[in-house]
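A look at the structure
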Amino acid sequence: MENWQQGELIEVEITDLSDTGDGVGRWQDRVVFVPDTVTGDRVLVRLVHVKPNYAYGKLKQLLQPSSHRIRPSCIVADKCGGCQWQHISYEYQLVAKRNQVIQALERIGGFAQPPVDPVLVGGESLGYRNKATYPLSISHTGHVQAGYYQKGSHQLVNLNQCPVQDARFNPLLLEVKQDIEKRGWLLYNEQRHTGVIRHLGLRIGRRTGEILLTLVVKDWSLPGIKDQALEWLKRYPQLVGVSLNRNGDRTNAIFGSETRCIAGTPYLREQFAGLEFHVLPDTFFQVYTETAEALLQIIKSELNLQASSVLLDAYCGIGTLTLPLAKHVNQAIGFEVQPEAVEQAILNARINNINNVTFITGTVEKLLPSMDITPDVVLLDPPRKGCANIVMETLLQKKPPRIVYVSCKATTLARDLKLLCQDGVYSITRIQPADFFPQTAHVEAVAFIVLSQLYEGSKSSKKL
Ligand SMILES: C[S@@+](CC[C@H](N)C(=O)[O-])C[C@H]1O[C@@H](n2cnc3c(N)ncnc32)[C@H](O)[C@@H]1O
């Protein structure tokens with residue numbers, strides 16, 4: 001077809017949203033993905049990346065806007081790669097996120113009519129993020145910039161405030177850039193692997209207001225950092241600690257493995273689910289505190305835990321879910337690969353006088369098969385890639401009566417649920433999507449899974 005080539009202009013009606021957030025349309029039986037559009041838009045598109053059956057296009061003109069379109073709250077929404085959905089009404093974002101989960105379960109998991117609830121929202125759709133990590137660069141006028149990369153590039157969009165971040169970061173974001181400039185500290189250049197400062201990290205306890213400031217550096221050579229850190233602590237009463245994290249590798253990963261507290265405390269305090277948590281600059285903590293808490297409430301009421309139960313929280317982080325749930329069971333066990341997170345989880349248990357929890361450092365892949373008991377409830381909260389095969393196989397062999405799978409990627413959740421539900425060993429009772437990342441295409445979902453009654457008798461014995 002003559003128009004199906006790079007650079008051509010075509011007219012498309014957007015009929016869906018992809019799981020990466022692009023609008024999806026059809027042109028003569030071929031699929032076209034168009035960023036910055038939404039279901040219901042009619043658009044003129046320039047084809048930029050063309051394959052025989054599908055293409056990526058760039059929005060050239062909005063011919064007929066969808067009723068789901070809104071004016072973005074962010075003035076750089078059209079450039080910044082941080083959010084994909086600022087132009088979509090929040091109401092429709094939630095509809096699209098639920099559809100994303102349903103479609104993944106149907107297409108990848110093979111589940112017909114999966115029981116997916118409306119998306120859970122814990123609070124506002126703006127100003128919700130408790131953590132920001134901004135890359136830094138020098139502008140063409142020689143000023144230090146911090147922000148997010150432009151869509152599809154490594155060009156920075158400079159920000160002095162970001163509408164999805166907690167607004168208490170704003171004064172620091174502007175002034176810390178100026179201080180870095182005044183000190184003459186060198187910024188990291190990723191092409192040449194030269195310079196020092198790679199990222200500016202800010203983290204806040206939403207309930208306590210305590211803020212941590214972290215500079216991710218290639219090496220420790222920041223002359224005057226101690227004086228500057230003390231000055232920042234004096235200037236910002238909410239700032240409780242300034243740290244350096246060293247990442248000397250050529251990598252896209254933000255944090256390296258070594259963190260040094262320069263002034264103040266190495267952690268911030270946060271109230272979560274009625275407990276006090278100490279949170280470090282680089283350990284995992286859900287970025288939307290209120291939604292995480294609302295989801296925990298649902299997990300708690302759905303599980304209706306028994307005082308005699310044993311709970312395994314695989315992928316437990318600093319114990320954010322383990323510790324509130326531990327109060328309702330006989331024994332809780334947490335597996336976590338990051339030693340700093342385990343240290344912090346143990347400390348968090350101590351701070352809250354929770355004595356029935358054991359945190360173990362290691363991978364779930366190694367620790368789960370060597371467990372000599374079968375927990376009554378297994379909580380899985382893996383990274384986006386989901387659980388390794390060995391984890392699924394071990395669960396199918398041990399047959400814990402209940403599994404709760406907290407997922408940050410619907411496609412890997414669907415893949416893993418398919419394995420657990422094959423041959424009817426497990427079945428899904430409920431899927432609760434939750435919005436931890438408003439204004440973006442990301443969606444979390446929790447699946448509640450029970451062992452089929454047919455297999456209850458054949459459950460692997462306590463001693464394996
Ligand atoms: C999505 S986070 C969940 C943390 C915790 N459940 C929470 O809500 O705060 C996943 C955690 O799993 C850990 N992790 C990643 N791969 C792992 C593995 N193979 N074995 C054990 N832990 C792992 C990460 O370090 C991270 O803390």
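As the structure is a computational prediction, the values presented were derived from the model and not from experiment.

Let us now look at the sheet that holds strand β5 (residues 54-64). Taking strand neighbours around the barrel as the criterion, the 5 strands line up as β1-β2-β3-β5-β4 in a closed arrangement whose pairing is mixed. Each neighbouring strand pair of the sheet contributes to a mean axis angle of 50°, computed without reference to strand direction. In the sheet, strand β4 (residues 42-50) pairs with β5 via 8 bridges, with the strands oriented antiparallel. When the bridges of β5 are listed, His-49 appears paired with Tyr-56.

In the numbering used here, UniProt assigns the feature "domain: TRAM" (unreviewed entry) to residues 3-61. The span residues 3-61 is 0% helix and 61% strand, and its two end C-alpha atoms sit 17 Å from each other.

A cluster of nonpolar side chains, namely Val-48, Tyr-54 and Tyr-56, defines an oily patch on the protein surface of about 230 Å² accessible area. Within the secondary structure, Tyr-54 is located in strand β5. By relative accessible area, which is 33% here, Tyr-54 ends up partly exposed.

Let us now look at the sheet that holds strand β15 (residues 310-314). Across the sheet, which stays open at both edges, the 7 strands sit in the order β17-β16-β15-β18-β19-β21-β20 with mixed pairing between neighbours. Only two strands of the sheet have a single neighbouring strand rather than two, namely β17 (357-361) and β20 (426-434). Looking at each pair of strands side by side, their axes are set apart by 15° on average, direction ignored. As paired elements, strand β19 (residues 402-407) and strand β21 (residues 444-451) share 6 bridges and run antiparallel to each other. Note on β21: the bridge partner recorded for Ile-403 is Ile-449.

Below, the discussion takes up the packing of aromatic side chains. For the structure on display, the rule yields 8 aromatic pairs. Centroid distance Phe-33 to Tyr-56: 5.1 Å. Interplanar angle 25°. Geometry classified as stacked. Of the two residues, Phe-33 sits in strand β3 (residues 30-34) while Tyr-56 sits in strand β5, which places them 23 residues apart along the sequence. On the basis of relative accessible area, Tyr-56 is assigned to the partly exposed category, the value being 32%. An aromatic cluster is built from Phe-33, Tyr-54 and Tyr-56, whose rings are joined through pairwise contacts. Lying across the ring of Tyr-188, Arg-198 places its NZ or CZ 4.2 Å from the centre. We note Arg-260 situated over the ring of Trp-220; from NZ or CZ to the ring centre the distance is 3.8 Å.

About the thresholds
Residues numbered from 1 in each chain as written. Predicted model: local features only at pLDDT ≥ 70, side-chain atom pairs only at ≥ 80, totals over all residues. Heavy atoms only, no water. Pairing = 2+ DSSP bridges. Helix = DSSP H or I, 4+ residues; strand = E, 2+ residues; numbered from the N terminus. Axes fitted to C-alpha atoms, helices over the stretch in contact; angles between N-to-C directions. UniProt positions renumbered as here; feature names shortened; annotations may be inferred. Patch = residues over 30% accessible without salt bridge, like charges linked within 9 Å, V, L, I, M, F, W, Y side chains within 5 Å. Areas by Shrake-Rupley, 256 points an atom, 1.4 Å probe, with all protein chains shown as cover. Salt bridge = Lys/Arg side-chain N within 4 Å of Asp/Glu carboxyl O. Buried < 20%, exposed > 50% of the residue type's maximum accessible area, 1.4 Å probe, protein only. Phe/Tyr/Trp six-rings, centres within 6.5 Å; stacked < 30°, edge-to-face > 60°. Lys NZ or Arg CZ within 6 Å of the ring centre and 35° of its normal.

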